[in-house]
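So the chains spell out like this:
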Amino acid sequence: MIVELGHFALMLALGVALVQAVAPLIGWFRHDARLMATATSAARAQFVAIVVSYLCLTWAFISKDFSVAYVAQNNYSEMPFIYRLTAVWGAHEGSMLLWVLVLAGWTFAVSVFNRRLPSDMRALVLSVLGFVSIGFLAFVLLTSDPFTRLFPVPADGSGLNPILQDPGMASHPPMLYMGYVGFSVAFAFAIAALITGRLDAAWARWARPWTTAAWVFLTLGITIGSWWSYHVLGWGGWWFWDPVENASFMPWLAGTALIHSLAVTEKRGLLKSWTVLLSILAFSLCLFGTFLVRSGVLVSVHAFASDPSRGLFVLGFIGAVVGVSLALYAWRAPRFKADGELRLWSREGFLLFNNVFLAAACGAVLLGELYPLIVNAVSTSKISVGPPYFNTVFFPLFGPLFVLLGFAGVVAWKRAQLRTIVQRLRIPLLLALVAAAVLPFALVGKTAVTAAAGGLLAVWIITTAVAELWRWVRSRNSAVAGLKSISRATWGMTLAHIGMAVCLIGISFNSAFSIERDARMAPGAVEHLSGYDFSLGEVHAAEGPNYTALIATVYVVKDGERIATLHPQKRTFRPGGQEQTDAGVAKGALRDLYVSLGNDFGNGTWGLRMYVEPLVRFIWYGGLLMFIGGGLAATDPRYRLARAARRVRVAADAAAETA
Amino acid sequence: MMTRRRRRLAAVSVLVLGVGAAAALALTAFNKNITYFYTPTDLYEQHITSHAVMDLGGLVQKGSIVHGAGMEISFIVTDCTRTIPVRYTGVLPDLFRDGQGVVATGRLNGDGSFVASRILAKHDSSYMPENVAARVKQADAEGRRNCGEFKSMQPTSASVAPLVRAEKHG
Amino acid sequence: MRYRYFIPMIVLVGIVALLAYTLNRGWSTQPEDDPTYVPSPLIGKTVPAFDLAVLATPPAEPPARFTQADLKGRPAVINFFASWCVACRDEHPFLMQLAHGDQVSIIGIDYKDTPQAARRLLGEHGDPYHLILEDPEGAMGLNWGVYGIPETYLVDAHGIVRYKQVGPMTPAAWRKHFQPLLEAAR
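What counts, and at which threshold
- Residues numbered from 1 in each chain as written.
- Chains lettered and ligands numbered in written order.
- Predicted model: local features only at pLDDT ≥ 70, side-chain atom pairs only at ≥ 80, totals over all residues.
- Heavy atoms only, no water.
- Helix = DSSP H or I, 4+ residues; strand = E, 2+ residues; numbered from the N terminus.
- Buried < 20%, exposed > 50% of the residue type's maximum accessible area, 1.4 Å probe, protein only.
- Contact = heavy atoms within 4.5 Å.
- Polar contact = N/O pair within 3.5 Å; in protein donor to acceptor, adjacent residues only side chain to side chain.
- Axes fitted to C-alpha atoms, helices over the stretch in contact; angles between N-to-C directions.
- Left-handed = near helix turned anticlockwise from the far one by under 90°.
- Nonpolar A, V, L, I, M, F, W, Y, C, P; charged D, E, K, R; others polar.
- pLDDT = per-residue confidence, 0-100.
- Phe/Tyr/Trp six-rings, centres within 6.5 Å; stacked < 30°, edge-to-face > 60°.
- Lys NZ or Arg CZ within 6 Å of the ring centre and 35° of its normal.
- Pairing = 2+ DSSP bridges.
- Core = buried A, V, L, I, M, F, W, Y, C linked by side-chain atoms within 4.5 Å.
- Patch = residues over 30% accessible without salt bridge, like charges linked within 9 Å, V, L, I, M, F, W, Y side chains within 5 Å.
- Areas by Shrake-Rupley, 256 points an atom, 1.4 Å probe, with all protein chains shown as cover.
- Salt bridge = Lys/Arg side-chain N within 4 Å of Asp/Glu carboxyl O.
- Expected span 1.5 Å × (residues − 1).
- Parallel < 35°, antiparallel > 145°, perpendicular 65-115°, else oblique.

Undergrad: I tried to follow the overall build of chain C on my own but got confused; where do I start?
TA: When helices and strands are tallied, chain C shows five helices and seven strands. Written out in order from the N terminus, the α and β elements of chain C read α-β-β-β-α-β-α-β-α-β-β-α. Taking all 186 residues of chain C together, 52% fall into the buried category. When contacts within chain C are restricted to residue pairs at least 6 apart in sequence, those whose partners lie at least 24 apart make up 69%.

Undergrad: What is the right way to read the environment of Asp200 of chain A from this model?
TA: All names here are of chain A. For Asp200, the location among the structural elements is in the loop between helix H7 (167-196) and helix H8 (201-232). Residue class for Asp200 comes out buried when judged on its relative accessible area of 8%. Each C-alpha atom of the pair Asp200 and Asp339 lies 9.0 Å from the other, and the pair is 139 residues apart in sequence. There is a polar contact of 3.4 Å between the side chain of Asp200 and the side chain of Arg198. A distance of 2.8 Å separates the side chain of Asp200 from the backbone nitrogen of Trp203, its partner in a polar contact.

Undergrad: Explain the packing of helix H2 (residues 33-62) of chain A against helix H6 (residues 119-143) of chain A here, please?
TA: Helix-helix packing is described using two parameters, namely the angle between the two axes and the distance between the axes. Residues and elements named next belong to chain A. Between H2 and H6, the least distance of the axes is 8 Å, while the angle of their chain directions is 35°. The handedness of the crossing between H2 and H6 is left-handed. From H2, Met36, Ala39, Thr40, Ala43, Gln46 and Ile50 reach across to H6, where they touch Ser119, Asp120, Arg122, Ala123, Leu126, Ser133 and Leu137. Residue composition of the contact of H2 with H6, by class: seven nonpolar, four polar and two charged.

Undergrad: Help me understand the environment of Gly108 of chain C, please; the structure alone is not making it clear to me.
TA: All names here are of chain C. Here Gly108 shows up in strand S4 (residues 106-111). Given a relative accessible area of 0%, Gly108 falls into the buried group. Each residue touching Gly108, except ones within four places of it in the same chain, is listed here: Asn79, Phe81, Tyr129, Leu131, Ile132 and Leu133.

Undergrad: Would you mind showing me how to read the side chain of Arg268 of chain A here?
TA: Residue and element names in this part refer to chain A. Looking at where Arg268 falls in the secondary structure, it is placed in helix H9 (residues 243-268). Among the polar contacts made by the side chain of Arg268, one reaches the side chain of Glu348 at a distance of 2.6 Å. Those residues in contact with Arg268 that sit more than four places away from it in its chain are Asp339, Glu341, Glu348, Trp413 and Lys414.

Undergrad: Where do I start with the confidence of the model for chain B in this structure?
TA: Keep in mind that low pLDDT regions are not for reading the predicted coordinates in detail. Residues and elements named next belong to chain B. Looking at chain B as a whole, its pLDDT mean stands at 71, while 68% of the residues score no less than 70. Predicted confidence in chain B is weakest over strand S8 (residues 163-167), with a mean pLDDT of 38, and strongest over strand S5 (residues 83-89), with 91. Here residues 123-127 is modelled with pLDDT under 50, and outside its nearest four sequence neighbours on either side it reaches 31 contacts, counting other chains as well. A low-confidence stretch, residues 148-170 (pLDDT under 50), is modelled with 119 contacts involving residues beyond four sequence positions or located in other chains.

Undergrad: Would you take a moment to explain the packing of aromatic side chains for this structure?
TA: Centre distance and the angle of the planes are the two values used to describe a pair of aromatic rings. Residue and element names in this part refer to chain A. Overall, the coordinates contain 47 aromatic pairs over all chains when judged by the stated rule. Geometrically, the ring pair formed by Phe509 and Phe513 is edge-to-face, given 6.0 Å between the ring centres and 65° between the ring planes. Here Phe509 pairs with Phe513, and both are found in helix H17 (residues 488-513), just four residues apart, close to one helical turn. Lying over the aromatic face of Trp331, Arg332 brings its terminal NZ or CZ to 5.0 Å of the ring centre.

Undergrad: Whenever I open this one, unusual backbone geometry confuses me. Can you help?
TA: Backbone geometry at His31 of chain A places phi at a positive 55°, although glycine is not the residue there. Topologically, His31 of chain A is positioned in the loop between helix H1 (2-30) and H2. Even without glycine at this site, Lys112 of chain C takes up a positive phi of about 45°. By secondary structure assignment, the location of Lys112 of chain C is in the loop between S4 and helix H3 (115-125). According to the relative accessible area criterion, Lys112 of chain C is partly exposed, its value standing at 27%.

Undergrad: In this structure, what is going on with the pairing of strand S5 (residues 547-558) of chain A? I would like to understand it.
TA: Across a regular strand the side chains alternate sides, sitting on one face of the sheet and then on the other. Residue and element names in this part refer to chain A. One ladder, built from nine bridges, connects strand S4 (residues 532-543) with S5; its direction is antiparallel. Bridged to His540 within S5 is Ile551. Between S4 and S5, which pair antiparallel one after the other, the connecting turn spans three residues. One ladder, built from five bridges, connects S5 with strand S7 (residues 569-573); its direction is antiparallel.

Undergrad: Looking at this structure, I do not really get the nonpolar core. What am I missing?
TA: Side chains of nonpolar character tend, in soluble globular proteins, to be buried together. One finds Phe189, Leu194, Trp203, Trp252, Leu253, Phe288 and Tyr389 of chain A to be the most contacted residues of the largest nonpolar core, which totals 205 residues. No other element matches the 17 residues that H7 of chain A contributes to this core. Judged by nonpolar contacts, the second largest core, of 45 residues, contains Leu95, Ile109, Ile149 and Phe178 of chain C.

Undergrad: What's the story with the sheet that holds S4 of chain C in this structure? I'm lost.
TA: The strands making up a sheet associate through backbone hydrogen bonding, with each pair oriented either parallel or antiparallel. All names here are of chain C. Overall, mixed pairing links the seven strands, which are arranged S2-S1-S5-S4-S3-S6-S7 in an open sheet. Because the sheet does not close on itself, it has two edges, and the strands there are strand S2 (65-67) and strand S7 (161-166). Neighbour-to-neighbour, the strand axes of this sheet turn through a mean angle of 30°, independent of strand direction. Two strands pair when backbone bridges link them, and strand S1 (residues 51-54) and S2 are joined in this way by three bridges, in the antiparallel orientation. For Asp51, the partnering residue across the bridge sits in S2 and is Thr67.

Undergrad: What's the story with the confidence of the model for chain C in this structure? I'm lost.
TA: With 87% of its residues at a pLDDT of 70 or more, chain C has an overall mean of 79. For residues 27-38 of chain C, every residue scores under 50 in pLDDT, and the model assigns this stretch 18 contacts once sequence neighbours within four places are set aside.

Undergrad: Where do I start with the pairing of strand S1 (residues 382-385) of chain A in this structure?
TA: Here S1 of chain A shows a buried face lined by Ile383 and Val385 of chain A and an unburied face lined by Lys382 and Ser384 of chain A. The pairing of S1 of chain A with strand S1 (residues 34-38) of chain B spans four bridges and is classified as antiparallel. Each residue of the ladder has a partner; that of Val385 of chain A, found in S1 of chain B, is Ile34 of chain B.

Undergrad: Just to check I follow, could you spell out the sheet that holds strand S9 (residues 584-586) of chain A for this structure?
TA: Residue and element names in this part refer to chain A. Strand order across the open sheet formed by four strands is S2-S11-S10-S9, with antiparallel pairing between neighbours. Of all strands in the sheet, those bounded by a partner on one side alone are strand S2 (515-521) and S9. Pairs of neighbouring strands in the sheet enclose a mean axial angle of 15°, with direction left out of account. Bridge count for S9 against strand S10 (residues 591-600) is three bridges, and the pairing is antiparallel. Looking across to S10, one finds that Gly584 is bridged to Val595. Relative to strand S11 (residues 606-614), H17 is tilted by about 135°, and along the sheet it contacts S2 and S11.

Undergrad: Where do I start with a nonpolar patch on the surface in this structure?
TA: Residues and elements named next belong to chain A. Together, Leu5, Phe8, Met11, Leu12, Val48 and Val52 line one region of the surface with nonpolar side chains, adding up to about 530 Å² of accessible area. Elements with a contribution of two residues or more to the nonpolar patch: H1 and H2. The dominant element in the nonpolar patch, judged by the number of residues it contributes, is H1, at four residues. Here Val52 is to be found in helix H2. According to the relative accessible area criterion, Val52 is partly exposed, its value standing at 31%.

Undergrad: Explain the pattern of salt bridges to me, please; I cannot follow it from the model alone.
TA: Any two side chains of opposite charge can pair, so long as their charged atoms come close to each other. Across all of its chains, the model carries 19 salt bridges over all chains by this definition. Between Asp51 of chain C and Arg65 of chain C there is a salt bridge whose closest N-O contact spans 3.2 Å. Of the two residues, Asp51 of chain C sits in strand S1 while Arg65 of chain C sits in strand S2, which places them 14 residues apart along the sequence. The class for Asp51 of chain C is partly exposed, based on a relative accessible area of 41%. Linked by salt bridges that have partners in common, Arg205, Arg208, Glu266 and Arg638 of chain A make up one network.

Undergrad: Whenever I open this one, H9 of chain A confuses me. Can you help?
TA: Side chains of residues three or four places apart in an α-helix project in the same direction, reflecting 3.6 residues per turn. Taking 1.5 Å of rise per residue, 26 residues should cover 38 Å, and H9 of chain A covers 37 Å from first to last C-alpha, within 8% of that figure. Summarising burial for H9 of chain A: 24 of the 26 residues are buried, a large majority.

Undergrad: Help me out: how do you make sense of the packing of H1 of chain A against H2 of chain A in this one?
TA: All names here are of chain A. One can describe the packing of H1 onto H2 by two numbers: an axis separation of 8 Å at closest approach and a directional angle of 165°. Considering the angle they form, H1 stands roughly antiparallel to H2. With respect to the hand of their crossing, H1 and H2 are arranged in left-handed fashion. Grouping the constituent residues of the contact of H1 with H2 by class yields 25 nonpolar, six polar and no charged.

What follows is the structure in structure tokens.
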């Protein structure tokens, strides 16, 4: 009964979504305020219906209702309670339900926080979100219904894929979806701007916190995904340029560009049509990511079961959504006039460069992603584009970006003063040069070009960011007053930039200094690796709640002192006997010691894979800092007072045209 | 003082330059860094002798796995028509075994064998790269079944079917 | 209207076309869409050797063994199943029907499963099998090239594999592939 209720609630939600999409649009055309106002209540009703639906499915998992096919396929009686909750989004159908739930959640948030938006703008934004919701609800109901019953009822389920029975993987999809779907709000604002033709500073101020919020979740999702793959996949890497990883990275790049171009649009009234285009592209790339994961077009670590009919549906949906919005863009965007002239030698000019590099990086990733498909379409050869391509293309594009980052707070809007810039950046540059020489030795005890370059850029970013804050504080009467006067958005920006730098240190140092060794070891054998002695103790069997495990004990000794005891595992899950490795990791701020258990050679010897991973944690610390920084920026009170600032900006140079 | 027109020109040319540089970068990178995928039959029929890094796909021939000293292992990759011996040193993926579909990344050796630096096997018990599947299907249709009993291919039933890698850097 | 505003649209059309093409191509090469395609090299060959314990209720001590030699003499339908296999539920009613029809005896291979779970399953939903063998490690499945249960094999009286059905057995597949071969083998 509960299950049927869930199914019914989902259909109800589709009906409500239709109202939410169509009614306000008609209302807008007819200037009918009451019709436009239905959007808000429809959005809330839809949210409630989907929450009910989602809870019903969760209930089916908790109560182990194996008469539901989806539950039977992804649940198992012995599975720990927490994984029964997360198993709801463990496979395609449920994860799509989570997707629509998150979409309804964002829509609900828009309906709550944007009450002060002009009614036409609010109605249009909710209408666009309604259209997106229709597409996904139809997708769930028509091709991926999680509520289908199964008969006869199995005695037990077949269990959640073991790779998902991990805290990291359990939290990775919801965060990623929060990010993916969050960009639908930015998208909706962009479409509303295209329809109304209204794109001013106030518009940018409404769109900014939503965009930043989506970016924040996407950042966290990617960070968790990276941490999880490091921990669980057993081969010690944190990023593989895997097609599906790229699918989440492209919206991140586009979103990062969007955040910066929105700043230009708000402060200077420039780059308007570019901002709108980026909003559309960021969301399109999110849809594209969904398509890639679910269509089986690309072979990947994370690929869902390939199902061409689903792939076709999503592709058709992408074609419709993006096609209509780009057509709208081609029709309406030429009317957006810049409020002035863009000089390259100014903050907006530097932000333009930031956008060029980010967009180029995004395009390069997209090209690498599609290139195998292109080759396969025009010839019979089959190729893959691996990490070497992405590394060679990506870092030359990101290098200049990091250099630009140092100028973030220093270069003035409208026109930069060379003297001020030189004056303010002298000391950071000096410090960065010193850091390039010293930092690798200080942190790892040796040096390499990659690490020195990474250190140089990172310290450059950090010192310029901190110096800017410091200058601000000093300009006030007291330090307290100074610190107080710094806006939350500024704190956020500074933290996020520092996060980027910390991440950069992690990436450059780890790629320069991480060491790996595979060895066949008998108990008692010792391997020397970069000053650490790894020795194998015993390997014993153990029982988990729904798996049996082989657990090895590995001792790590440095300078005659035991510094870590690791327990890498190889788990065999019931039912079905799928195997899963779980690495043993001794975490450290400056280095991780990492061991995964490989194959059993049978005569008491084991394959072991050992790593010394310097500074790898910095990568995720950096991601966390960006998350916190973005969170601060998105919640800046300035955005809440948007009403006060609704004056239409008077263009400084009204005569300027984009022709 | 530049005129507006000239400033625009400068802005546009900088953008074009940036995008052009990026494109050039991408194209050079493609030239050097794409990996071609071959089955043993492809290697034979197309007379591939290149020593570039490539992906070799096929099935592990039954009974061909030989463990050497330390982490060394050798086995034969087949697509039911041609075979090629493969050598690899390192930890193997969990489900690497007889009859399993594998993709080995590495280089052709002068002696006609293949030295792998990375082995991929599907975690699910049913992985076969598309090209290999086509070869096997063809071999099957022509009545050549010299693979012995192997695991056939099938799109996976599990929701997430991860590839398991074994990778040896450097 | 300015043309450059159409560039994103053109790029989109190209990408969508590329993806649609790839999707369509991948689709047509997937064997699941071709119901007559049987990618098993076993067809026409002697069955791979096996030696498994018979699942008896109540459990016998020691359990009886069953090998490929015991298959000889009459055609057999061999069905791989498990208590944890969800798709096996789909074919279960039809297998029951076949068992009642009495025209064939089905041998069930309990794949990567425990005897207790299998007994519980068959106790609840009925037992269509003439004989059940235990393959707890999936060794027989590996040798037979099983890649996802349920799978059903038709073996003739000489121990030669004649047909392999991947996925749940359906009345249509039974009529089309199993019945003619069974009658011919009789």
